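Examining the three-dimensional arrangement
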Amino acid sequence: ALLAGSVVLLAAGPSNAAPAGAPGSIVLRGDATGARGGMLEPHPVELNPSVMILGQFDWVPYQRTPPYTSRCTDMVNRGKAAAGGTRINFVPTHYWRDQNSDGGIDGFCYMNSDMACIGLTAASISSFKAGMELCFRRAIEEGLGISVVPHLDDGGRTAAWRNGLLFNPKQKYGGFSYQEVMLNPVVDALAAALAAKPAWVDPVPVWLALQGEMSATVLSYPREYTQLVDEMRERLLAGMLRAGVSDEYMDIQRSLTQVGVSFNFNKVSQVNTGGGAGGGSAASVLSRFVGFGPFGAITSNLGGRGLLQARSKGFDLVGLQGLFEKIDFLGISAYAALDDPNFPTTALQNAAFTFFGEMRDNVGLDAAAILHRRRIDLHYSEFGMGGGASPLGTVPARSPDQASRMPFYGVWGAYRGNSDPWAPPKMRSFMHSFYRKTLDWLAQGGGPTYFVSHCFLWGMGSWDVLGIYPESTTPQGTYRDPTVVKAVQAHNARAAFGDLPSVAAQAFNGGDNNK
């Protein structure tokens, strides 16, 4: 079911075409269109979808000749229809190989249609670029602002968590660097897609994170990431210039392009040292999806050396300070515990409090103060409620209390009715309550201490209540919840025009069941 309709074409595509001591409130910098320039007051924030690109099967076109479409372009279509917002988040994913299980990288690979991790080559990197260009073009045709949060996952069978992966983004591992396999092709694809913008579409804002939910690499190599902030912005603009865009368009796109970094909300100071899964909000997405490694069975052993506190070796605080002075935005994966299913909306700040607290106490950097002083945006790059009860990704929560304590746990893989955590009425009611409160909170821009400018739903498994990833809907049913879809559409329609009053309560009253 995963690969139904996919065509394996390496070269196809349009490549030529507040707790004590908390800082003062962080206010938004970008306006509703994403342009730079200060905003003195928070504004309503949309809740928008994420498009997951997990392998070749998601980016490769179905067709051998134009016009091309793909699973990725289909996801853009579903995202636009389901959320009705003005922006969309892309999560391109490659994988690393750790041949000697020492927690490091021996090379990079991508997942093919047989779910095998194949070493990246110049040809497969070109295929990836072409597929991303095709998908970006589809979003731009809809006038959608584009967020990109790249991921690396474990391509082996130990399902180590990307957050603790220690690597230099500019160093070659097995012939290629992370910059060469991920950042350069994504930026080149985006430049080509922006240059091909239809005349009837206004220029769209871009938010490019250099990585997503990968803390160890940034904390260990902040100077390299500082270089990448300018390099990736200039690479994007240079690509558009080579494509022949006008000086006026170039100036506009420069003002609409932001480059940042994105972390997990906790465990920021930990690194992989080998020996298997390290735990956290997500280990290997692929292992959970196809069921190998320590997530293949409930009885699997999650032991091993796992994670080690990186603080013992010290941090380059001068380099980190320089990075946070350079970035245009900061993103976090926001899955902090809510403690109680009847949580107040202010508890949706828990992820921000946790992240900024760990950065201050474990790393020694007051990141919140820098954001507040510079007035740069905070993104919830990943957000949602999984309804799970185990890191294995196979056990649904049996109560709202259990689910609220662990939003980062859910049920992975294609939809199956017998493991849908939202099927019981009390769980469905809790999930609706979670999104009603989320939309109320976003209608005020977040806060009252930490305001956000973007919030993107995780787009797979039981988190995928908008039904974006193909396998979220099967003959057995769907994770797509019509009541949530209707509420998000109503919310986004008003948020896009700056209307503050929340419409969530009205949308959820008398809501539909998921049938």
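Residues numbered from 1 in each chain as written. Predicted model: local features only at pLDDT ≥ 70, side-chain atom pairs only at ≥ 80, totals over all residues. Heavy atoms only, no water.

- As annotated in an unreviewed UniProt entry, the protein chain carries the name Glycoside hydrolase family 42 N-terminal domain-containing protein and is attributed to Volvox africanus.

1. Comments concerning helix α2 (residues 71–83)
- Taking 1.5 Å per residue, 13 residues should reach 18 Å; α2 reaches 18 Å between its end C-alpha atoms and fits that length.
- For α2, every residue scored as buried is listed here: Arg71, Cys72, Thr73, Met75, Val76, Gly79, Ala82 and Ala83.
- A distance of 3.2 Å separates the backbone nitrogen of Cys72 from a side-chain oxygen at the start of α2, and that oxygen is part of Ser70.
- Gly84 sits one or two residues past α2 and shows a positive phi near 65°. (Helix = DSSP H or I, 4+ residues; strand = E, 2+ residues; numbered from the N terminus. Expected span 1.5 Å × (residues − 1). Buried < 20%, exposed > 50% of the residue type's maximum accessible area, 1.4 Å probe, protein only. Polar contact = N/O pair within 3.5 Å; in protein donor to acceptor, adjacent residues only side chain to side chain.)

2. Examining the nonpolar core
- Counting 143 residues, the largest nonpolar core has Phe90, Phe136, Phe324, Leu330, Phe356 and Tyr380 as the members making the most contacts within it.
- A total of eleven residues in this core trace back to one element, the largest contributor, which is helix α4 (residues 178–195). (Core = buried A, V, L, I, M, F, W, Y, C linked by side-chain atoms within 4.5 Å.)

3. Details of the environment of Thr438
- By secondary structure assignment, the location of Thr438 is in helix α13 (residues 425–443).
- Overall, the relative accessible area of 0% leaves Thr438 in the buried class.
- Taking C-alpha positions, Thr438 is 7.5 Å from Leu348, a pair spaced 90 residues apart along the chain.
- Aside from chain neighbours lying at most four places away, what touches Thr438 is Leu47, Leu348 and Phe383. (Contact = heavy atoms within 4.5 Å.)

4. Brief notes about helix α6 (residues 222–242)
- Counted at 1.5 Å a residue, the expected span for α6 with its 21 residues is 30 Å, and the 30 Å between its end C-alpha atoms agrees.
- Looking at the packing, one finds that the buried side of α6 touches α4, β9 (206–209), α5 (215–220), α7 (247–256), β10 (257–264) and α9 (317–326).
- Count one or two residues on from α6 and you reach Gly244, which has phi positive near 90°.

5. Remarks on the state of the cysteines
- Under the definition given, this model contains two disulfides.
- With a sulfur-sulfur separation of 2.0 Å, Cys72 is cross-linked through a disulfide to Cys135. In this structure the cystine formed by Cys72 and Cys135 twists about its S-S bond by roughly -95°; its chirality is therefore left-handed. Here Cys135 lies in helix α3 (residues 122–141) and Cys72 lies in helix α2, a separation of 63 residues in the sequence. Per residue, the accessibility class of Cys72 equals that of Cys135, and both read buried.
- A disulfide bridge connects Cys109 with Cys117, and the sulfur atoms are separated by 2.0 Å. Taking the sign of the S-S torsion, 80° for the link of Cys109 and Cys117, the bridge is right-handed. Across this residue pair, the class does not change: Cys109 and Cys117 are buried.
- Sequence-ordered numbering of the bonded cysteines in the protein chain gives a disulfide pattern of 1-4, 2-3. (Disulfide = S-S within 2.5 Å.)

6. Concerning the packing of α3 against α4
- Where α3 contacts α4, the axes come no closer than 8 Å and their chain directions differ by 40°. In terms of their interaxial angle, α3 and α4 are classed as oblique. The way α3 lies across α4 gives a crossing that is right-handed. In contact with Ile125, Phe128, Lys129, Met132, Glu133, Phe136, Arg137 and Ile140 of α3, α4 contributes Glu180, Val181, Met182, Pro185, Val186, Asp188, Ala189, Leu190, Ala192, Ala193 and Leu194.
- Its residues assigned to classes, the contact of α3 with α4 shows 14 nonpolar, no polar and five charged. (Axes fitted to C-alpha atoms, helices over the stretch in contact; angles between N-to-C directions. Parallel < 35°, antiparallel > 145°, perpendicular 65-115°, else oblique. Left-handed = near helix turned anticlockwise from the far one by under 90°. Nonpolar A, V, L, I, M, F, W, Y, C, P; charged D, E, K, R; others polar.)

7. Some points on the packing of α2 against α3
- It is the contact of α2 with α3, at a shortest axis distance of 8 Å, that shows an interaxial angle of 20°. For the element pair α2 / α3, the angle class is roughly parallel. Handedness of the α2/α3 crossing: right-handed. Contacts between α2 and α3 involve Cys72, Thr73, Val76 and Asn77 on the former and, on the latter, Leu134, Cys135, Arg138 and Ala139.
- Its residues placed into classes, the contact of α2 with α3 shows five nonpolar, two polar and one charged.

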